[in-house]
Amino acid sequence: MLPQPIPEELRRFLLTSIASVPHLEALLLLRNSAPQDWSVHTVAERLYIGDKLAASVLADLSRAGMTVTLRHEGSAPVFRYQPATAALGQVIDALADLYARRLVEVTHLIHSKLERKAQQFADAFTWRKES
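All of these numbers come straight from a predicted model, not from anything done at the bench. (Residues numbered from 1 in each chain as written. Predicted model: local features only at pLDDT ≥ 70, side-chain atom pairs only at ≥ 80, totals over all residues. Heavy atoms only, no water.)

1. With respect to the overall build of the protein chain
Our working definition: Numbering of helices and strands runs from the N terminus, with a helix taken as a DSSP run of H or I at least four residues long and a strand as a DSSP run of E at least two residues long. Burial classification: accessible surface area is computed with a 1.4 Å probe over protein chains only, and a residue below 20% of its type maximum counts as buried, one above 50% as exposed, and the rest as partly exposed. Pairs of residues are marked as contacts when any of their non-hydrogen atoms sit within 4.5 Å. Using a 1.4 Å probe, accessible areas were evaluated by the Shrake-Rupley method; residue-level cover was limited to the displayed protein chains.
Helix and strand counts for the protein chain stand at six helices and three strands. Evaluated residue by residue, the protein chain yields a buried proportion of 34% over its 131 residues. Looking at the protein chain alone, contacts between residues at least 24 apart form 59% of all its contacts between residues at least 6 apart. By element, 57% of the accessible surface of the protein chain is carried by carbon and sulfur atoms, the whole surface being about 8600 Å².

Next up, the structure:
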């Protein structure tokens with residue numbers, strides 16, 4: 001039996017709102033441990049990525065309204081899962097369920113988006129002969 005296609009709402013969300021697999025992994029890490037606060041370094045360690053990438057991913061998620069950035073006086077920022085709306089939280093919950101069941105399909109969809117962007121970028125530098 002063939003698996004059902006990824007639901008259109010989740011497909012659209014993945015293609016428009018999740019920039020990479022580390023973004024998705026960080027989002028789900030914070031979601032699964034809510035309301036715990038996470039430092040950049042701790043997220044980096046848990047996801048096996050560098051601190052610089054983790055900081056970028058967490059900042060992106062905060063700008064997108066999926067997490068919040070908390071600043072405590074005199075310390076580095078920490079991040080917490082806190083979707084800006086209940087509807088966004090429901091989409092993320094559905095995405096977490098989908099990812100748990102269909103990890104390969106979800107990651108392939110994210111990677112296919114990145115491959116298309118890379119090809120578009122490369123095509124912009126293709127030297128074309130004037131007709």
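2. Some remarks on the pattern of salt bridges
Basically, it comes down to this: We define a salt bridge as a contact between a side-chain nitrogen of Lys or Arg and a carboxyl oxygen of Asp or Glu at a distance within 4 Å.
A full pass over the atoms with the stated rule returns six salt bridges. Between Asp37 and Arg80 there is a salt bridge, with the nearest N and O atoms lying 2.6 Å from each other. Highlighted residues: Asp37 in the loop between α2 (21-32) and β1 (38-39) and Arg80 in strand β3 (residues 78-81), separated in sequence by 43 residues. Arg63 is paired through a salt bridge with Asp60; the nearest N and O atoms lie 2.3 Å apart.

3. Here we look at the pairing of β3
What counts is decided by this rule: Criterion used throughout: strands pair if DSSP finds at least two bridges between them.
Bridge count between β1 and β3: two bridges; the pairing is antiparallel. Counted as the bridge partner of Ser39 is Val78 from β3.

4. Remarks on the side chain of Ser62
For clarity, the threshold we go by: Here a polar contact is taken to be a pair of N or O atoms separated by no more than 3.5 Å, where protein atoms must pair a possible hydrogen donor with a possible acceptor and residues adjacent in sequence count only if both atoms sit in side chains.
With respect to the helices, strands and loops of the structure, Ser62 is situated in helix α4 (residues 51-63). For Ser62, a relative accessible area of 18% translates into the label buried. Here the side chain of Ser62 touches Thr69 through a polar contact of 2.8 Å, side chain to side chain. When near neighbours in sequence (up to four residues on either side) are disregarded, Ser62 contacts Thr67, Val68, Thr69 and Phe79.

5. Observations concerning the environment of Leu88
Its location among the elements puts Leu88 in helix α5 (residues 86-101). Given the relative accessible area of 15%, Leu88 is considered buried. Separated by 22 residues in sequence, Leu88 and Met66 have C-alpha atoms that sit 7.6 Å apart. Here Leu88 is in contact with Phe13, Ala64, Gly65, Met66 and Pro83, once residues within four sequence places are set aside.

6. Observations concerning α2
The test is simple: A helix is expected to span 1.5 Å multiplied by its residue count minus one.
Taking 1.5 Å of rise per residue, twelve residues should cover 16 Å, and α2 covers 16 Å from first to last C-alpha, within 8% of that figure. Restricting attention to buried positions, one finds in α2 the residues Val21, His23, Leu24, Ala26, Leu27, Leu28, Leu29 and Leu30.

7. With respect to the packing of α2 against helix α3 (residues 40-47)
Think of two packed helices as two axes; the pair is described by the angle between the axes and how far apart they sit. Rule in force here: To get an axis, fit a line to the C-alpha atoms, keeping to the stretch in contact for a helix; angles then go from 0 to 180 degrees between the N-to-C directions. Note on terminology: angles under 35 degrees are roughly parallel, angles over 145 are roughly antiparallel, angles of 65 to 115 are roughly perpendicular, and the others are oblique. Each crossing gets its hand from how the near helix is turned against the far one by less than a right angle, where anticlockwise is left-handed and clockwise is right-handed. For this classification, the nonpolar set comprises Ala, Val, Leu, Ile, Met, Phe, Trp, Tyr, Cys and Pro, the charged set comprises Asp, Glu, Lys and Arg, and every other residue, Gly included, is treated as polar.
α3 packs onto α2 with a crossing angle of 110 degrees between their chain directions and a minimal axis gap of 11 Å. By the angle between their directions, the pair α2 and α3 is classed as roughly perpendicular. Between α2 and α3 lies a crossing whose hand is right-handed. From α2, Pro22, Glu25, Ala26, Leu29 and Leu30 reach across to α3, where they touch Val43, Arg46 and Leu47. Grouping the amino acids of the contact of α2 with α3 by side-chain chemistry returns six nonpolar, no polar and two charged.

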